[in-house]
Amino acid sequence: MAALSGALRFAMAEIQGFVSVLPGVAARPPGIVAANEPLPEGNTRMRYSGLRVIREALTGHRGWTPVWRDPAPQASYDYVIVGGGGHGLATAYYLAKEFRQARIAVLEKGYLGGGNVGRNTTIIRSNYLLDGNEPFYEFSMKLWEGMEQDFNYNAMVSQRGIINLFHTDAARDAATRRGNAMILHGADAEILDREQVRAMYPFLNFDNARFPIKGALMQRRGGTARHDAVAWGYARGADLRGVDLIQNCEVTGMRIENGRILGVETTRGFVGAKKVGVAVAGSSSKVMAHAGMRLPIESHVLQAFVSEGLKPLIDGVMTFGAGHFYVSQSDKGGLVFGGDIDGYNSYAQRGNLPVIEDVAEGGMALMPMIGRARLLRTWGGIMDMSMDGSPIIDRTPVEGLYFNGGWCYGGFKATPASGWCFAHLLATDRPHETATAYRFDRFMKGLAIDEKGQGPTPNLH
Amino acid sequence: MIINHPLLGPRDAQEFVYLGDARLIERPDGMAEGAPQAFHDHVYLRDNPAGEHRELWYHEQGDRSWLVVTRNTVTHEITGVELARDVARAKGRSR
């Protein structure tokens, strides 16, 4: 065993040596690499690989080290990202890696990934209809497809397919139109008929008198991802590139002089910044109030649910087209599902029983067998519900202050593109080509991106 | 949540439809200077506080009255319920 272990250690050293020696790397602080450069030799936070896992298994897992540093805030940075969730961490990661910026900090009031990125139902998809949205979400989908290789972390991205069921002829027309819009923007879409859906999920309630299943819109590239691991992968990738991830550091004020931001007041002191990017969906109104802004956003609570562990039952993601219900099955076996927001302003991170009943009814209408499963847990997260159901990635009237929010309950699937586009805006002062419509002034100009056609009623989007 | 209706007594919030911030009562004057900006702010912008919030609820499954409910958005505790008609009249908005 010792000989084998030694041989593996030798092999690993060979591999590391092969990828690590580059001029200039040695001059950087230990443990920090610049964009696209391999890690320097001797960096204990080496790349993950199958060989590494085998080696650690054979040597008692003594070689693993903390995945990111825990630095204290410096006096000032070039970029301060407020919010250490999926979007904030992705922003910092792409800012360092793709846009080659340095002196970046992420300020998080709690712990990394403790908000909505750790509370969602993990669905990824790009099945939107409207011009302002679909290119952005398809860009996001493409980033999901290469993400794990890009940040060298297992985010369990699983393109297991998503189907949106329809129950009337009119809904089939709408699904076909949506599918065509997706294809026009480079995404994949197909219409399944009733028998194709039955072959996949024979246990659905096909002959429901009110909502018979007529077929489905399918996106095979859609699926799920391990939500926490997405945050951890971005956090690790950002940390490796020198981004300071500062936890337990809540922004309590903004220092603004002559219309320009100088930095943020925090529970760990003042942090100066040339540019501040706020990515705190759920708490956007609270944070931006420090800059005197009122937003086209209400905060609402969305609940999510998981059943006890079951044997493999649903190998994809499925949404009910008559009520609001969506379900997939986690690798642990729990049915992960959800429905509508509660519908009233809330910052409580917990909902009320009427919506739990409504979601359970949706589940029973779609797949009556779910009534035999026991509910294991429910929880809530706070959504930025915007006035047209679409997000905002834009500059603000304060010079140097940028905003990313209004994700409604679609923020998880947007995580990579949101980070990329926000980093693009922060680094270049121009919106990314897929995010040009996500402007504050679209409401003033009548350019709302309203997928559901509900108008300025955030609780109905 | 239970909403203590001023006329009907305690009613389940399920009987109501939620609209949002009670400042929606304060519709701007469409003829005034700067009306487009005033309407933009009225229709689209919200204070969205974490804490006490005055908001409009409509008793759709009841007496069809509009209420102004004062509710804490952090605890969901309801501390006040008024008829929206009375609130609007107090502001001189209703005939």
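Residues numbered from 1 in each chain as written. Chains lettered and ligands numbered in written order. Predicted model: local features only at pLDDT ≥ 70, side-chain atom pairs only at ≥ 80, totals over all residues.

Chain B is annotated in an unreviewed UniProt entry as Sarcosine oxidase subunit delta from Albidovulum sediminis.

K.L.:
Which residues make up the nonpolar core, and what values go with them?
P.N.:
Most often, soluble globular proteins keep nonpolar side chains buried together rather than apart. Among the nonpolar cores identified, the biggest contains 121 residues, and Val 80, Val 82, Leu 89, Ala 92, Val 106 and Ala 238 of chain A are the most heavily contacted of them. If one sorts the elements of this core by residue count, helix H10 (residues 411-428) of chain A sits on top with nine residues. Structurally, this core is a two-domain feature, drawing no fewer than three residues from each of domain 2 (76-118 + 228-295 + 392-453) and domain 3 (150-223 + 298-386) of chain A. Setting aside residues no more than four positions away along its own chain, Val 80 of chain A makes contact with Ala 105, Leu 107, Val 264, Val 271, Ala 273 and Val 276 of chain A. Counting residues in hydrophobic clusters, the runner-up holds nine residues, among them Ala 22, Leu 56, Trp 57 and Leu 67 of chain B. (Core = buried A, V, L, I, M, F, W, Y, C linked by C-beta atoms within 7 Å. Buried ≥ 20, exposed ≤ 12 C-beta atoms within 10 Å, placed from the backbone. Helix = DSSP H or I, 4+ residues; strand = E, 2+ residues; numbered from the N terminus. Domains from an automatic or database assignment. Contact = placed C-beta atoms within 7 Å.)

K.L.:
Describe the sheet that holds strand E6 (residues 78-83) of chain B, naming the residues involved and giving the relevant values.
P.N.:
Residue and element names in this part refer to chain B. One open sheet holds the four strands; their spatial order is E3-E4-E5-E6, and the pairing between them is antiparallel. Whereas interior strands pair on both sides, the edge strands pair on one side only; in this sheet they are strand E3 (17-21) and E6. Across the sheet, the mean angle from the axis of one strand to that of its neighbour is 30°, orientation sign disregarded. Across four bridges, E3 lies against strand E4 (residues 52-58) in antiparallel orientation. Within E4, the residue paired with Gly 20 across the bridge is Leu 56. (Pairing = 2+ DSSP bridges. Axes fitted to C-alpha atoms, helices over the stretch in contact; angles between N-to-C directions.)

K.L.:
Can you break down the interface of chain B and chain A residue by residue, with the values?
P.N.:
Each side of the interface is counted separately: chain B has 18 residues, and chain A has 21 residues. Elements with a contribution of two residues or more to the side of chain B that touches chain A: E3, helix H1 (35-44) and E4 of chain B. No other element matches H1 of chain B, which puts three residues into the side of chain B that touches chain A. Its residues assigned to classes, the side of chain B that touches chain A comprises seven nonpolar, eight polar and three charged. (Nonpolar A, V, L, I, M, F, W, Y, C, P; charged D, E, K, R; others polar.)

K.L.:
Which residues make up the environment of Gly 321 of chain A, and what values do they have?
P.N.:
All names here are of chain A. Among the structural elements, Gly 321 can be located in the loop between strand E13 (317-320) and strand E14 (325-329). Between the C-alpha atoms of Gly 321 and Leu 366, which are 45 residues apart in sequence, the distance is 9.2 Å. Beyond its immediate chain neighbours, meaning those up to four positions away, Gly 321 contacts Asn 164, Leu 165, Phe 166, His 167 and Ala 171.

K.L.:
So what about the pairing of strand E9 (residues 251-257) of chain A? Which residues, and what values?
P.N.:
Side-chain positions along a regular strand alternate between the two faces of the sheet. All names here are of chain A. Bridging between E9 and strand E10 (residues 260-266) involves six bridges; their strand directions are antiparallel. Bridge pairing in E10 places Arg 255 opposite Gly 263. Counted along the chain from E9 to the antiparallel partner E10, the turn is two residues long, and its residue Asn 258 has a positive phi close to 50°.

K.L.:
Pulling in residues and values, what's your account of unusual backbone geometry?
P.N.:
All names here are of chain A. Even without being glycine, His 61 reaches a positive phi, approximately 55°. Structurally, His 61 can be placed in the loop between helix H2 (50-58) and strand E1 (76-82). The class for His 61 is exposed, based on 10 C-beta atoms found within 10 Å.

K.L.:
Outline the confidence of the model for chain A, supporting the account with residue identities and numerical values.
P.N.:
Residues and elements named next belong to chain A. Mean pLDDT over chain A: 91, with 90% of residues reaching 70 or higher. Every residue in residues 1-36 scores below 50 in pLDDT, and together they form 45 contacts with partners more than four places removed in sequence or on other chains. Per-residue pLDDT stays below 50 along residues 39-44; that stretch engages in 14 contacts with residues further than four places along the chain or on separate chains. (pLDDT = per-residue confidence, 0-100.)

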